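For reference, the chains in residue letters:
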Amino acid sequence: MITQDYLKSISKSKKPFVIYKSNKGFDLYTNFSKKIILTNKNIHNFINKISKNRSKNKNTDLYIGFFGYEILNNLIGIKPPKQKGLKFPKGIFYKPEIKVSLTNKLNYINEDLKALNNDFKININKKSYNKIFSKFKKKIKSGQTYQIKICTKYRNKSKIDPIDFFCRLSETNLAPEAFLIKDKEFSIVSCSPENLITKKGNYISTKPIAGTLKKTKKFNKIKALNFFNKNIKETKEHNMIVDMERSDLSKICTPGSVKIVKKKIIEEYRDLYHYVSLVAGKLKRNTSTLDIIRSMMPGGSVIGCPKISTLNLLNAQERESRNIYTGSFGYIKFNGDMRFNIIIRAILNYKEYSEISVASGVVIDSNSSHEFSENYIKAKALMDLYK
Amino acid sequence: MIYIIDHDDSFTHNVVHQFAKFDDIECDNFNEINQKKLNKAKVIVFSPGPGAPKDYPYSSKIYNKFKKKKKIIGICLGFQQILHSENAKIIEQNKIYHGFQSEVKVTSNNSLFKKNKKFKVGRYHSLKLKEPFYAKNFEITMRCAISNVAMAIENNKDKIYGFQFHPESFLTENGNLLIKKILSA
């Protein structure tokens, strides 16, 4: 069936489904035979049991879903204090029975669309943001963190058609880690650009992004590279993330195998340039899925550095739960292979509330007003969908 | 065997892999120290980490206990940990280098490394050694080529070495060679 008709029919059927960007287009997973809502009690068992499934060769022999930020903290022994916000599940995984390949062109028209509420409220105003910012700069001066990413949230009340959102988003921004989850009581629409884990056999890689530039006539790929290479602040932030990802991989890889495969290159997307590195290694024998997840998640580039101390600082500061934001979406195959992204540039729609979280980094030479408006620009790309 | 004490850092496993080129490695968190491994180790390495040396009193205890008995190496916070245990003051610096590649220079005749040699290193430190600093048999052997901040200490008599920069960073030229030299010293 062609993509357009398929999307229409699955929307009508009201079946839950997941779409994940593939190399050539998108993969759609549906007909879920199991849905696992993760808790601190069942998560270990869930992850450990995946590889015990006998069937390993079908293209649906996998679990697909997400880990929220909080449960990833818990997995590495960090307990954020009780936070406000939507009481959204800590993580959900599905066992699909059908996988369908879709093209890159996702045409979908919903004739019954109603005008949406496009008025968003921010949870931290500029004044409070400045305060938090200078507080963290002091922490940098005293060495407790070298880079920390403050999360702000934009929220409104609205009932969205997530398929419509996802298709329009993919049209303007065909992100390599984009995904959509549509379930009965919630949906997640994301144009994440960042791959956190690609694992095939004993090969593992991660592809951190630190540095994003909006495309304008002024820039081409080479000029964008020059911009980043000359910008000391961006370069330092990126270097830090590369060393941190090398170390995270080194925990689970054989000594000497961790290599920077691509060092500080530019990747070009329809609207953006990303400053990207690719770090890869060879897994130690008998490394479990849980070992990999605990070493790599939550992804360092959206937290800051060093990870543990920075997470503790963030959790003491942030009053509202990050929910899905800076968690990871992806799949774990029954043969142990996996692919996970970092959940950023995402809309969580739950109980008719939409939540868009964004973050930008405080390093020693960053500027509070600049980062505050940078956050707004990041959120605006998603808020524009409500118009 | 080399015992690496991890101060909850996000660079520690780069250190582990770098030292693993030369010997067997054990690595534990600073609050989960294994006495058997500690006693068995030929070399103790204090890893980088967040905060200041005063936050890790147990690491200073280990230093004091094994000084002159085992080779001791400190990196970044570990370097400061050694100095702090030798009664140095560790202070905030005005200009901070995180993820910065800068040039250091060998400034001493008594170094394992050739005097006046310059090379590029990766730096991640908020704090620095307050000078003047004096401790028996210790010498500052490398400095930042621009700011003159202390970048390495050597005590070749008691086999104690420290780097303020990160030899394991991808930003450091010849980091493996540095480690090889102090391990064979």
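None of these values were measured; they are calculated from a predicted model.

Enquirer: Please give an account of the pairing of strand β10 (residues 186-190) of chain A that cites residues and values.
Expert: Residue and element names in this part refer to chain A. Buried residues dominate β10, accounting for 5 of its 5 residues. Here β10 shows no split at all, with F186, I188 and S190 on one side and S187 and V189 on the other all buried. Relative to β10, strand β9 (residues 179-182) runs antiparallel, the two sharing 4 bridges. Pairing of K182 across the sheet is with S187, part of β10. The hairpin formed by β9 and β10 contains 3 residues between the paired strands. Pairing analysis gives 5 bridges linking β10 to strand β19 (residues 346-350), with the strands arranged antiparallel. Residue pairing for β19: V189 is matched across the bridge by I347.

Enquirer: Give a description of the nonpolar core that names residues and reports values.
Expert: Counting residues in hydrophobic clusters, the biggest one holds 142 residues, and the most contacted among them are V18(A), I19(A), A346(A), I4(B), V45(B) and M151(B). Non-local contacts of I19(A), meaning those with residues more than four positions away in its chain, are made with F26(A), L28(A), F166(A), F179(A) and L180(A).

Enquirer: Run through the packing of helix α7 (residues 232-250) of chain A against helix α1 (residues 12-19) of chain B, naming residues and quoting values.
Expert: Look at α7(A) against α1(B): their axes get within 7 Å of each other, and the N-to-C directions meet at 65°. In terms of crossing hand, the pair formed by α7(A) and α1(B) is left-handed. Between α7(A) and α1(B), the residues in contact are D243(A), R246(A), S247(A) and S250(A) and T12(B), H13(B), N14(B), V16(B) and H17(B), respectively. Looking at side-chain class alone, the contact of α7(A) with α1(B) contains 1 nonpolar, 6 polar and 2 charged residues.

Enquirer: Any chance you could break down unusual backbone geometry for me, citing the residues and the numbers?
Expert: For the bond from M297(A) to P298(A), the omega torsion is -10°, close enough to zero to count as cis. Cis geometry is found at the peptide bond from E131(B) to P132(B), where omega equals 5°. Among the structural elements, P132(B) can be located in the loop between β6 (118-129) and β7 (139-144). One non-glycine residue, N323(A), adopts positive backbone phi at about 50°. Under the C-beta neighbour-count criterion, N323(A) is labelled buried, with 25 such atoms within 10 Å. The residue E352(A) is not glycine, and still its phi comes out positive at about 65°. When you line up the elements, E352(A) lands in the loop between β19 and β20 (353-362).

Enquirer: Would you mind going over the sheet that holds strand β3 (residues 43-46) of chain B in detail, with residue names and values included?
Expert: Residue and element names in this part refer to chain B. Taken together, 9 strands build an open sheet; the order of strands is β2-β1-β3-β4-β9-β8-β7-β5-β6 and the sheet is mixed. Every interior strand has two partners, whereas the edge strands, β2 (25-29) and β6, have only one. Taken pair by pair, the neighbouring strands of this sheet meet at an average axis angle of 25°, ignoring direction. As paired elements, strand β8 (residues 150-155) and strand β9 (residues 160-163) share 4 bridges and run antiparallel to each other. Opposite E154, over in β9, you have Y161 as the bridge partner.

Enquirer: Could you give an account of the pairing of strand β8 (residues 147-157) of chain A, with specific residues and numbers?
Expert: Residues and elements named next belong to chain A. Most of β8 sits out of view: 8 of its 11 residues are buried. Both strand β7 (residues 121-122) and β8 contribute to a ladder of 2 bridges, which runs antiparallel. Each residue of the ladder has a partner; that of I122, found in β8, is Y154. Sheet topology note: the β8/β20 ladder contains 10 bridges and is antiparallel. Note that in β20 the partner of R155 across the bridge is E355.

Enquirer: I'd like a rundown of the environment of T107(B), residues and numbers included.
Expert: All names here are of chain B. The topology assignment puts T107 in the loop between β5 (90-106) and β6. Counting along the chain gives 93 residues from T107 to N14, while the straight-line C-alpha distance between them is 27 Å. Here T107 is in contact with T141, M142 and R143, once residues within four sequence places are set aside.

Analysis parameters
Residues numbered from 1 in each chain as written. Chains lettered and ligands numbered in written order. Predicted model: local features only at pLDDT ≥ 70, side-chain atom pairs only at ≥ 80, totals over all residues. Buried ≥ 20, exposed ≤ 12 C-beta atoms within 10 Å, placed from the backbone. Helix = DSSP H or I, 4+ residues; strand = E, 2+ residues; numbered from the N terminus. Pairing = 2+ DSSP bridges. Core = buried A, V, L, I, M, F, W, Y, C linked by C-beta atoms within 7 Å. Contact = placed C-beta atoms within 7 Å. Axes fitted to C-alpha atoms, helices over the stretch in contact; angles between N-to-C directions. Left-handed = near helix turned anticlockwise from the far one by under 90°. Nonpolar A, V, L, I, M, F, W, Y, C, P; charged D, E, K, R; others polar.

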